[in-house]
Amino acid sequence: MSGRFPRLACTAALAAGIVLAPVPAAAEPAPGTTDDRTVAGLLTDLQRLYREAERATETYNGTEERLQKQRAEVRRLDAELARARTSLHDSRGAAGRLARQQYQNRSDLSPYLRLLLARDPQHAIDQGHVIGRLARERVETVGRLAGDEKKAEGLARRSREALARQASLAERQEKERNGVRERLHAVEELLASLTPEQLAALAELEKSGIAEQQERFLASGALGDDAKPSAGGDRAVRFAVEQLGKPYEWGAEGPASYDCSGLTSVAWERAGTPIPRTSQEQWARLEHVPLDRLRPGDLVVYFPEATHVALYLGDGMVVQAPRPGADVKVSPIAANPVLGAVRPDPGGQPVRRYTPPRLPAGATDGSDEGYAATGPAR
């Protein structure tokens, strides 16, 4: 993966924080700019583009996860096919040896006549037993040979099919990668067209929108009193906090950068509980919990399509990898439209004593590095 996207020089002076909160319904459009675009309209456009990019990113991540599993399946089938071919080779060798032995012991006389004509009847009886044993071995060897041939043919067919599925997934992944690049390029073009004044206005408008949404969310009573985390949840939270300040990068799973679900999946993997890679799969496969029962370590999922996810920190705050151009940070839980919450370890017992992790100075003031151009995608 490539490094962080370069930032536009005009955004370097921004200190106001921006995450993708909905534009307040009561916000009045700002006066028109030189190109007649309002700040509210620009913010709506950027939110849409970032959301499309994140949706494409999570689709790409899902395909990448399936591709990794398919590659493992191809390797498993290839190894099993190699063993089957070795067994088939051994069976063919045994069949050849048995055929030679039968030829060497072949006689046109019946076992009864051989017994009558034999000088040593006991030797004839023993020889008959050997011939009978060889006949039984022949039946078994032929059956094993046929079974090995059938197994090898089946494994070869399954291996070819698995390889074809791998190629199809790789082709789909390439298309999805191009889709992410196109959406990030659209963000870059829009940001490049803005003046520093517009960028500052965007930052201020969205910051006020976040504060309003958080106030409404907390006033609604949706959150209850924070419960204590499980031991795994505590470890996941502390790991996520250690990643604060690392850049967002689509498709990244650390250690230098993360995307949203990359952060949550790695945090819980480090806590000893592997979870699905993408936000959609986390929402679909993990146990849902009511928001009023949230505890640190739970995952908060956003947007109707479950295209964004963050890790609940407590006290109405989450740790998240927000979007391209921003760093892993602590944000209000209502910074994005909340879909619901899931718990990776529903059977985990709350710890008896819990001390929240210490946050760096300024980690909860809602600031990030402002809007920045994404630059060339990887």
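Residues numbered from 1 in each chain as written. Predicted model: local features only at pLDDT ≥ 70, side-chain atom pairs only at ≥ 80, totals over all residues. Heavy atoms only, no water.

A. Region of the structure containing unusual backbone geometry. In this chain, Gly 254 is followed by Pro 255 through a cis amide linkage whose omega measures 0°. Looking at where Pro 255 falls in the secondary structure, it is placed in the loop between α5 (231-242) and α6 (260-270). Residue Ala 306 is not a glycine yet carries a positive backbone phi of 55°. For Ala 306, the position within the fold is in the loop between β2 (299-302) and β3 (308-314). The exposure class of Ala 306 is buried, given its relative accessible area of 2%. Notably, Asp 315 is not glycine yet its phi reads approximately 60°, a positive angle. Relative to the helices and strands, Asp 315 resides in the loop between β3 and β4 (317-320). For Asp 315, a relative accessible area of 67% corresponds to the exposed category. (Helix = DSSP H or I, 4+ residues; strand = E, 2+ residues; numbered from the N terminus. Buried < 20%, exposed > 50% of the residue type's maximum accessible area, 1.4 Å probe, protein only.)

B. Seen up close, the packing of α5 against α6. Where α5 contacts α6, the two axes come as close as 8 Å, and the packing angle between them is 130°. In this view, α5 runs oblique relative to α6, as classed from their interaxial angle. Crossing of α5 over α6 shows right-handed handedness. Only Leu 263, Val 266, Ala 267, Trp 268 and Arg 270 of α6 make contact with α5, whose side of the interface consists of Gly 232, Gly 233, Ala 236, Phe 239 and Ala 240. (Axes fitted to C-alpha atoms, helices over the stretch in contact; angles between N-to-C directions. Parallel < 35°, antiparallel > 145°, perpendicular 65-115°, else oblique. Left-handed = near helix turned anticlockwise from the far one by under 90°. Contact = heavy atoms within 4.5 Å.)

C. Structural context of the environment of Ala 56. Relative to the assigned elements, Ala 56 resides in helix α1 (residues 39-104). Accessibility expressed as a relative area gives 12% for Ala 56, which makes it buried. Each C-alpha atom, one on Ala 56 and one on Thr 307, is 8.9 Å from the other, the two residues being 251 residues apart in sequence. In this view, Ala 56 contacts Val 180 and Arg 183; residues no more than four positions away in its chain are not counted.

D. Region of interest: the pairing of β4. Judged by which residues are buried, β4 turns out to be covered on both faces: Met 317 and Val 319 on one side and Val 318 and Gln 320 on the other are all buried. The hairpin turn running from β3 into β4, its antiparallel successor, is two residues long, and Asp 315 in that turn takes a positive phi close to 60°. (Pairing = 2+ DSSP bridges.)

E. Spatial organisation of the pattern of salt bridges. A complete count under the given rule lists seven salt bridges for this structure. Connected through shared salt-bridge partners, Glu 253, Asp 259 and Arg 277 make up one network. (Salt bridge = Lys/Arg side-chain N within 4 Å of Asp/Glu carboxyl O.)

F. Spatial organisation of the sheet that holds β4. Ordered by their spatial adjacency, six strands build an open sheet running β1-β6-β2-β3-β4-β5, and the pairing between neighbours is antiparallel. Among the strands making up the open sheet, the edge pair consists of β1 (287-289) and β5 (329-332). Sheet twist, expressed as the average angle between the axes of neighbouring strands with direction ignored, equals 45°. As defined by bridge partners, β1 adjoins strand β6 (residues 338-343) across three bridges and the pair is classed as antiparallel. Residue pairing for β6: Glu 287 is matched across the bridge by Arg 343.

G. Inspection of the confidence of the model for the chain at higher detail. The predicted model of the chain averages 74 in pLDDT, with 67% of residues at 70 or higher. When mean pLDDT is taken per element in the chain, β1 scores highest with 97 and helix α2 (residues 111-117) scores lowest with 48. In the predicted structure, residues 1-36 sits below a pLDDT of 50 and forms 101 contacts with residues beyond four places in sequence or in another chain. (pLDDT = per-residue confidence, 0-100.)

H. A look at a positive patch on the surface. A cluster of basic residues, Arg 85, Arg 157, Arg 158 and Arg 160, forms a positive patch at the surface. Top element by residues in the positive patch is helix α3 (residues 121-192). It accounts for three residues. Structurally, Arg 160 can be placed in helix α3. (Patch = residues over 30% accessible without salt bridge, like charges linked within 9 Å, V, L, I, M, F, W, Y side chains within 5 Å. Areas by Shrake-Rupley, 256 points an atom, 1.4 Å probe, with all protein chains shown as cover. Lys, Arg positive; Asp, Glu negative; His and termini not counted. Charge placed at Lys NZ, Arg CZ, Asp CG, Glu CD.)

I. A look at the layout of surface pockets. Of the pockets and cavities examined, the largest pocket occupies roughly 220 Å³. Contributing to the lining of the largest pocket are 14 residues, with Glu 65, Gln 68, Glu 253, Ser 265 and Arg 277 lying nearest its centre. Those elements that place two or more of their residues in the lining of the largest pocket are α1 and α6. Ranked by residue count, the leading element in the lining of the largest pocket is α1, at five residues. Looking at the lining of the largest pocket residue by residue, the class counts come to five nonpolar, four polar and five charged. (1 Å grid on protein atoms, 1.4 Å probe; cavity = no way out; pocket = protein on both sides within 12 Å on 5 of 7 lines; lining within 4 Å. Points joined across faces, edges and corners; volume = space filled by probe spheres on them. Nonpolar A, V, L, I, M, F, W, Y, C, P; charged D, E, K, R; others polar.)

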